[in-house]
Amino acid sequence: VPRIDYTGGGCPHILAEPMRTNLITYSQDFTNAIWNKSTNATITSSKTDLSGNNTASRLEMPSGSTNYFYTVINGVTSGSVYTYSIYMKSNTNSSQNVRIIDGVLGVGGGFDTAIVTTLWKRFDLSITATSTNIALQIDNNAGSYDNDILICFSQSEQGSYPTSYIPTSGGTVTRN
């Protein structure tokens, strides 16, 4: 069954994408044990996502000390490129800064300071794996930021660019 892409305005077109696998086993359940957080960070589920469903989560990371939220993906191929993507939105009436890190746990890797606004936006980051695991992390840049954001639809896939979201719930999922 062909998938139709209505983004960009104008006439819809067929969405043709390569086969990809979402390596994050719980892409919508951020309260699952695969997601780790610092002591002062809190995560609350059942918030409204960009589709109007209650699959988003509220992530609060107060300023003053380093706060983080991450997951580790094992079994990746060293030397291969992986792309991490997540949708985020400010849970306050103002824009917020967060840092997205994609790399080896404890070593860092690629990072990007994201400006999270009051509208849902997809953020992506690509990195070349230097070991057989990668850590995907959102943090408040060593306590520099006071964050209250909504997150949903997390994905990590092998490839140098993001593809459309592949939901998971307990295991990896491959889109043919």
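See the structure shown above.
Residues numbered from 1 in each chain as written. Predicted model: local features only at pLDDT ≥ 70, side-chain atom pairs only at ≥ 80, totals over all residues. Heavy atoms only, no water.

## Side note on the packing of aromatic side chains
Where two aromatic rings form a pair, the distance of their centres and the angle of their planes describe that pair.
Argument step 1. A complete count under the given rule lists six aromatic pairs for this structure.
Argument step 2. With centroids separated by 5.2 Å and ring planes inclined at 0°, the aromatic side chains of Trp-35 and Phe-69 adopt a geometry described as stacked. Within this pair, whereas Trp-35 is found in the loop between β3 (20-22) and β4 (36-37), its partner Phe-69 is found in strand β7 (residues 68-74), the two being separated by 34 residues in sequence. As far as burial versus exposure is concerned, Trp-35 and Phe-69 are alike and both buried.
Argument step 3. The rings of Phe-30, Trp-35 and Phe-69 are connected pair by pair, giving a single aromatic cluster.
Argument step 4. The positively charged end of Arg-20 is found above the aromatic ring belonging to Tyr-161, 4.6 Å away from the centroid. (Phe/Tyr/Trp six-rings, centres within 6.5 Å; stacked < 30°, edge-to-face > 60°. Helix = DSSP H or I, 4+ residues; strand = E, 2+ residues; numbered from the N terminus. Buried < 20%, exposed > 50% of the residue type's maximum accessible area, 1.4 Å probe, protein only. Lys NZ or Arg CZ within 6 Å of the ring centre and 35° of its normal.)

## Focus on the sheet that holds strand β6 (residues 56-61)
Argument step 1. With antiparallel pairing, five strands are arranged side by side in an open sheet as β5-β6-β13-β8-β11. Edge positions in the sheet fall to β5 (42-47) and β11 (121-128), since each has one partner strand and no second. The sheet shows a mean angle of 35° between the axes of neighbouring strands, direction not considered.
Argument step 2. As defined by bridge partners, β5 adjoins β6 across four bridges and the pair is classed as antiparallel. Of the residues in β6, the one forming a bridge with Thr-42 is Glu-60. (Pairing = 2+ DSSP bridges. Axes fitted to C-alpha atoms, helices over the stretch in contact; angles between N-to-C directions.)

## What to know about the nonpolar core
Argument step 1. Leu-59, Tyr-84, Met-88, Val-98, Ile-138, Ile-149 and Ile-151 are the most contacted members of the largest nonpolar core, which totals 26 residues.
Argument step 2. Those elements that provide at least two residues to this core are β6, β7, β8 (81-90), β9 (96-104), β10 (108-116), β11, β12 (133-139) and β13 (147-158).
Argument step 3. Ranked by residue count, the leading element in this core is β8, at four residues.
Argument step 4. Those residues in contact with Met-88, other than ones at most four positions away along the chain, are Val-98, Ile-100, Ala-114, Val-116, Leu-119, Trp-120, Lys-121, Phe-123, Ile-138, Ile-149, Leu-150 and Ile-151. (Core = buried A, V, L, I, M, F, W, Y, C linked by side-chain atoms within 4.5 Å. Contact = heavy atoms within 4.5 Å.)

## Overview of a nonpolar patch on the surface
Argument step 1. On the surface, Ile-4, Tyr-6 and Ile-14 cluster together to form a nonpolar patch covering roughly 350 Å² of accessible area.
Argument step 2. Note that Ile-14 resides in strand β2 (residues 13-14). (Patch = residues over 30% accessible without salt bridge, like charges linked within 9 Å, V, L, I, M, F, W, Y side chains within 5 Å. Areas by Shrake-Rupley, 256 points an atom, 1.4 Å probe, with all protein chains shown as cover. Salt bridge = Lys/Arg side-chain N within 4 Å of Asp/Glu carboxyl O.)

## Things to note about the side chain of Ser-57
Argument step 1. Structurally, Ser-57 is set in strand β6.
Argument step 2. According to the relative accessible area criterion, Ser-57 is buried, its value standing at 1%.
Argument step 3. Sequence-distant contacts of Ser-57, that is, excluding residues within four places in its chain, are made with Phe-30, Ile-43, Thr-44, Ser-45, Lys-47, Ile-149, Leu-150 and Ile-151.

## Quick word on the pattern of salt bridges
Argument step 1. One pass over the structure, following the stated rule, counts six salt bridges.
Argument step 2. In this structure, Glu-60 engages Arg-58 in a salt bridge whose closest nitrogen and oxygen atoms are separated by 3.2 Å.
Argument step 3. Between Arg-99 and Asp-139 there is a salt bridge, with its nearest N and O atoms 3.0 Å apart. Linking Arg-99 in strand β9 with Asp-139 in strand β12, this pair joins segments that are 40 residues apart in sequence.
Argument step 4. For Arg-99, a relative accessible area of 18% translates into the label buried.

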